[in-house]
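# Geometric and topological summary
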Amino acid sequence: MIGTTVIGRNPLNEEAINEYLALKQYGHLTQNTFATQLNKPFGTNDVFKTFLSYNRNWFAPQLVLDKLELVHNECASENWDGYDASPIEDIAFQEMRNLICALPSFISVPDVIPEPDGAIGLEWENDEGHSFIISLNGTNIINYAGMFGEDIETYGTEQFKGNIPKAILHNLKRLFEYNE
Amino acid sequence: MIDNVTIESDDKITRYLFGKNQFASSNGRVKYSAFLPPNGKNETSVFKITDLKEEDIWKIGDINVAPNRGKPIQARGDLFVVNVQNAGLEVEMETTPHELHANIIGWPDHKAARILSAKKLEKKAKLLLKVDGV
């Protein structure tokens, strides 16, 4: 039974999250959708907001996929930024969808950022202001860049063949200080 | 008298923003992609705003920039020329469209390096939202 307590990382709350993730029809994530689908008599406003904030420590692909679709729709035409930006093509959108579904679970929900050359970026930032960005444009090439402290930077290129390349995983672990 | 010929490290510049995906008002962030040059180009359009009043900065955008862009200005990102230089880039006056117009130039060829440079600009940029009536 889920009450109005703050959702933390404990078995009861993981049950609620797993229940949500197991839903067959995600639709557009809204507070009402969340409450209705779970059919729980709790304070939906607080729980929903907490669920979203909780995702700092629990990666839920569907949240990012929803954001990705929104960005794709908003940037599907030329000049979406007022500076002659190229549209986000379907091929870039699909490639990013595939990548998002392959991301590991120890990361947080990234920001989805359209780029003026038609590529799509995912950006993560941790509490220390360190950040890591990956960018895809539909050509199976990942461009990435990271800032992990003063004068500690990285950038490079990897191929995307369906799995997350080691260099990308390495930098995500670095950002989230994830130790296996 | 406006100095539109020279640009120094302590000069202030601004990037007008037209799309809501270019900034995040919740945390006052100009997103890195707002500074990236468009496809096929190696320069990012900005305006020198040193010593200008707020109302004049917005007026330049509304009268001289927005009509050519086909969209209303939603916000802008201010930073100093020295911030651009510290990101490995440069600012060059290019007054053809307007006496205060300039370009951020010197972008690296490698896309990933461009993203890193743009992220450095983001970290130094100050977001200002356009308020109705300004």
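Predicted model only: the values in this text are computed from it and were never measured.

For the rest of this paragraph, the subject is the overall build of chain A. Scanning chain A from terminus to terminus reveals 6 helices and 5 strands. The helix and strand sequence of chain A, counted from the amino end, reads α-α-α-α-α-β-β-β-β-β-α. Relative to its full complement of 180 residues, chain A shows a buried share of 50%. On chain A, roughly 8,900 Å² of surface is accessible, and the fraction owed to carbon and sulfur atoms is 46%.

Quick look at the overall build of chain B now. When you go through chain B residue by residue, the secondary structure sums to 3 helices and 8 strands. Counting helices and strands in the order they occur from the N terminus, chain B gives β-β-β-β-α-β-α-β-β-α-β. Computed over the C-alpha atoms, the radius of gyration of chain B is 14 Å, within 12% of the 14 Å expected from 2.2 N^0.38 for a compact globule of 134 residues. Across chain B, the fraction of contacts at a sequence separation of at least 24, relative to all contacts at a separation of at least 6, is 73%. If you sum the accessible surface of chain B, you get close to 6,300 Å²; carbon and sulfur atoms cover 47% of it. Averaging the locations of the 20 positively and 18 negatively charged side chains of chain B gives two centres separated by 10 Å.

All names here are of chain B. One open sheet holds the 6 strands; their spatial order is 6-7-4-1-5-8, and the pairing between them is antiparallel. Edge positions in the sheet fall to strand 6 (90–93) and strand 8 (126–129), since each of these pairs with one other strand and no more. Shown here is a sheet whose adjacent strand axes are inclined to one another by a mean of 35 degrees, direction ignored. Relative to strand 8, strand 5 (residues 75–80) runs antiparallel, the two being bridged by 4 bridges. The partner of Asp-78 across the bridge, within strand 8, is Lys-126. Across the sheet, helix 1 (residues 54–69) lies against strand 1 (12–17), strand 4 (44–48), strand 5 and strand 8, angled at about 45 degrees from strand 1, the strand it touches most.

Moving on: the confidence of the model for chain A. All names here are of chain A. Considering every residue of chain A, the mean pLDDT works out to 77; 66% of them sit at 70 or more. In the predicted structure, residues 1–12 sits below a pLDDT of 50 and forms 22 contacts with residues beyond four places in sequence or in another chain. Scored below 50 in pLDDT, residues 23–33 shows 18 contacts in the model against residues more than four places distant or in partner chains.

Turning next to the confidence of the model for chain B. For chain B, the average pLDDT comes to 93, and 96% of its residues sit at 70 or higher. Confidence estimates for the predicted assembly give a pTM of 0.81 and an ipTM of 0.93.

Residues and elements named next belong to chain A. With 32 residues, the main nonpolar core has Leu-99, Leu-122, Trp-124, Phe-132 and Ile-134 as its most contacted residues. In terms of residue count, the dominant contributor to this core is helix 5 (residues 90–102) (5 residues). What Leu-99 contacts, discounting residues up to four positions off in sequence, is Leu-122, Ile-134, Leu-136, Ile-142, Phe-160 and Ile-164.

Our focus in this paragraph is the packing of helix 4 (residues 61–74) of chain A against helix 5 of chain A. For any two helices packed against each other, the geometry comes down to the angle between their axes and how far apart the axes lie. All names here are of chain A. Axis separation between helix 4 and helix 5 bottoms out at 10 Å; the angle between their running directions is 170 degrees. Here helix 5 runs roughly antiparallel to helix 4, going by the angle between their axes. Contact with helix 4, carried on its side by Pro-61, Val-64, Leu-65, Leu-68, Glu-69 and His-72, involves Asp-90, Phe-93, Met-96, Arg-97, Ile-100 and Cys-101 of helix 5 and no other residues of that element. Its residues assigned to classes, the contact of helix 4 with helix 5 shows 8 nonpolar, 1 polar and 3 charged.

Cut-offs used in this document
- Residues numbered from 1 in each chain as written.
- Chains lettered and ligands numbered in written order.
- Predicted model: local features only at pLDDT ≥ 70, side-chain atom pairs only at ≥ 80, totals over all residues.
- Heavy atoms only, no water.
- Helix = DSSP H or I, 4+ residues; strand = E, 2+ residues; numbered from the N terminus.
- Buried < 20%, exposed > 50% of the residue type's maximum accessible area, 1.4 Å probe, protein only.
- Areas by Shrake-Rupley, 256 points an atom, 1.4 Å probe, with all protein chains shown as cover.
- Rg over C-alpha atoms; globule rule 2.2 N^0.38 Å.
- Contact = heavy atoms within 4.5 Å.
- Lys, Arg positive; Asp, Glu negative; His and termini not counted.
- Charge placed at Lys NZ, Arg CZ, Asp CG, Glu CD.
- Pairing = 2+ DSSP bridges.
- Axes fitted to C-alpha atoms, helices over the stretch in contact; angles between N-to-C directions.
- pLDDT = per-residue confidence, 0-100.
- Core = buried A, V, L, I, M, F, W, Y, C linked by side-chain atoms within 4.5 Å.
- Parallel < 35°, antiparallel > 145°, perpendicular 65-115°, else oblique.
- Nonpolar A, V, L, I, M, F, W, Y, C, P; charged D, E, K, R; others polar.

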